[in-house]
Amino acid sequence: MVLCVCVRGWKESDRTTDKQTDTPAPPPNPDQAGAEGEEGVPPPPPPIVINKYSDEHLRAIITKMRERKQLFKEKVIDQYASSPEITPPVTPLLRKDDYNRVIEERKQQAEEARIKKEEADKRKKEEQEKKKKEDEQKKAEQKAAEAEKQEEKKSITTRISEAMWSVVDTVLKPLEDRMDSVFGQTIDPFTDHRYIAWLSLVTVAFNYNTWFITARLCFPYHTEISIPYWFTLDVLADIIYLADSVIFQPRKQFVKGGDIIKDRVMTKKHYRDSERFLADVVSVLPFDLLYIQFGFKSAFRLNRLLKMDTFFEFSDRLESIMAKAYIWRVIRTIGYLLFMLHLNACFYYVASEYQGIGKTKWVYSGLGSAYLRCYYFAVRSLINIGGLNEPETVFEITFQMTNFFTGVFVFSSLIGQMRDVIGAATAGQTYFRSSMDNTVEYMVTNHIPSLVQNRVRTWYTYTWDAQGMLDESELLDKMPLVMRTAIAVDINLATFQKIDLFKGCDQQMLVDMLLRLKSIIYLPGDFVVKKGDIGKEMYIIKSGAVQVVGGPDNSIVFVTLKAGCVFGEISLLQSSKDGGNRRTANVKAYGFANLFVLEKKDLFDILVHYPESQKVLARKGRKLMKAKGPAAAKAEEEKKKGLALFGPKPPTPKLLRAFGGTINKKFIDKVKTSSTD
């Protein structure tokens, strides 16, 4: 509103100005004429509406709008007058040939531009790659220079070590060549029992050093009489250490990138680059030569204790080959306990010697065998049995308190370890006992008859005694497929190959079938199959025997099948049409029978992948069905033939039935039963 008012005011002021300019000026008054050379008085400035700056710009806009209005008036009057806007260029009209030529030129120009752009991009990319290669080459040169510097630094030590090892290899080559005929180029440390036997010998040497070095260091056992014996045993232990480091350890195979390395040069280098080699070298350094200067002291043999890796390796290898590894774990834990008592006995003797042997009631009195007396004190002290003499001095009190705290910690740890070992050893037995107890509790709660309960207990007991577990599949499922296949092939493939039904089938199909077998144990007298039941499984006798029975009370034994025999295969292959999948005989367990079961569903799932074997089995199934078909079908056919020849049997007269009465009813029933059977 304000702007409109302002514009309206400016317009009025402009109109007044225009009127003033359009009105003719009055004739000059000679009286008012000024002096010559003086200018006229300027017109008064227009009034300020907003401010001076805004008013000037608005007046300039109004002036331009008036000029534009005047031009449009002229355009209306004269239609050929030029417009103030720029006229767009006119597209020239070309002939068809010229137009095609222009289009081709444009395409060619666009193609040239594209090629130039691609070449420019290619040159740019090549320059970037060249720069990148130069940078990489510079980095590689820098690394190579650094490596050369490091090699120059290490060259002296490397050359010395290589020269030393070449001399050692040259000296040891005759011995290694002789050992090659005995142990071979390399040794498998996991499966070679000769290596494990050697580790046991090295472990004996290590235990000799561990026990006797500490005992000789603390107790006065270095006498003139005993020193030659100690020296001989020390030399034997050192020879065993050297033989292990020179002959056996460099031959150990190892795994690198998933490959088993069996090259002697590489196994030797791998051993020499390991930390174990450094420990082995330090463990055989002959510090015993210091005997010459300082006398015969076992402290110079403490480096022999660095051979402890051999003891732990022997422990692992022995557990892997033992059927009951927990026995060794228990022995090893007891050994730890005895060694802790041995160390405490040594410390007690040193403390008694420090205090003065026999000076107080707490220290060793000096009577009897020093080691046995001190070991007895260690047992009573660490196990906290009590009944010990009270310590008197501050040193004795401190030593005894340390003994008590150490005994509590060490023995609690060893007892916990022993509990874990025994628990792991009896985990299967605990699981079996828990399963059986839960089952018995369930049967008692539901008032199951005692006969059934006794049979269930018998099944649990026999199953555990026979295979050491309730379900073999739980153990096998944890193994890789390759190992499960190998175990199944070793156990049952020979039996499968003897079965007439599977002769001519694909061997891989037989392997797949072996992986689907399930082990089931039947008690004496249990019916495996009954005549007329739907056949969904076939059975292979793993151990024990089964009997095919019949007769009124199933007391007639037709045949006894033993380990390796197969039954139930006919019902497995036939369809349910016309009762083809019905069992044709009764089969019961004769004693305890362990059977492998193959279900029809598993067999059909396997046959999908073996169409040729499927045809073979179908053909053999039809032959077996004709040869061993159900006797009921044959009897029915014969019955139909007899009826066709002689006609139906007439019914019994009423008078005869009345004469027989109830007296002969039982006899007739028995006859009917026997005839139907």
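One can find the structure itself at the top, above this paragraph.
Let me begin by describing the structure that accompanies this report. Remember, it's a predicted structure, so these values are computed and weren't measured experimentally.

**Digging into helix α6 (residues 264–272)**
- Arg264, Thr267, Lys268, Tyr271 and Arg272 are the residues of α6 that are buried. In a view along the axis of α6, the buried residues occupy a sector of 130 degrees, so they form one face of it. For α6, the exposed residues lying more than 90 degrees away from the buried face are Val265 and Lys269.

**Re helix α12 (residues 394–425)**
- Compared with an ideal rise of 1.5 Å per residue, which puts 32 residues at 46 Å, α12 spans 46 Å between its outermost C-alpha atoms and is within 8% of the ideal.
- For α12, every residue scored as buried is listed here: Glu396, Phe399, Gln400, Asn403, Gly407, Val410, Phe411, Leu414, Gly416, Met418 and Val421.
- Along its buried surface, α12 packs onto α10 (325–355) and α11 (370–382).

**Structural notes on the packing of helix α9 (residues 308–321) against α10**
- Two numbers describe how α9 lies on α10: the axes approach to 9 Å, and their chain directions differ by 155 degrees. Classified by the interaxial angle, the pair formed by α9 and α10 is roughly antiparallel. The residues of α10 that touch α9, namely those facing Phe311, Phe312, Phe314, Ser315, Leu318 and Glu319, are Ala325, Trp328, Arg329, Arg332 and Tyr336.

**Quick word on the pattern of salt bridges**
- Taken as a whole and assessed by the stated rule, the structure comprises 28 salt bridges.
- Note that Arg101 and Glu105 form a salt bridge whose closest N and O atoms lie 3.2 Å from each other. Residue Arg101 and its partner Glu105 are located together in helix α3 (residues 96–183), separated by 4 residues, close to a single helical turn.
- Residue Arg101 is classed as partly exposed on the basis of its relative accessible area, which comes to 44%.
- A residue is classified by how much of its surface remains accessible, and Glu105, at 34% relative accessible area, is partly exposed.
- Asp180 is the partner of Arg251 in a salt bridge, and the nearest nitrogen-oxygen pair spans 2.6 Å. With Arg251 in the loop between α5 (227–248) and β1 (254–256) and Asp180 in helix α3, this residue pair connects regions lying 71 residues apart in the sequence.
- Through salt bridges with shared partners, a single network forms among Arg216, Asp234, Asp238, Asp288, Arg301 and Arg304.

Scoring rules and cut-offs
- Residues numbered from 1 in each chain as written.
- Predicted model: local features only at pLDDT ≥ 70, side-chain atom pairs only at ≥ 80, totals over all residues.
- Heavy atoms only, no water.
- Buried < 20%, exposed > 50% of the residue type's maximum accessible area, 1.4 Å probe, protein only.
- Helix = DSSP H or I, 4+ residues; strand = E, 2+ residues; numbered from the N terminus.
- Arc of directions from axis to C-beta.
- Expected span 1.5 Å × (residues − 1).
- Contact = heavy atoms within 4.5 Å.
- Axes fitted to C-alpha atoms, helices over the stretch in contact; angles between N-to-C directions.
- Parallel < 35°, antiparallel > 145°, perpendicular 65-115°, else oblique.
- Salt bridge = Lys/Arg side-chain N within 4 Å of Asp/Glu carboxyl O.

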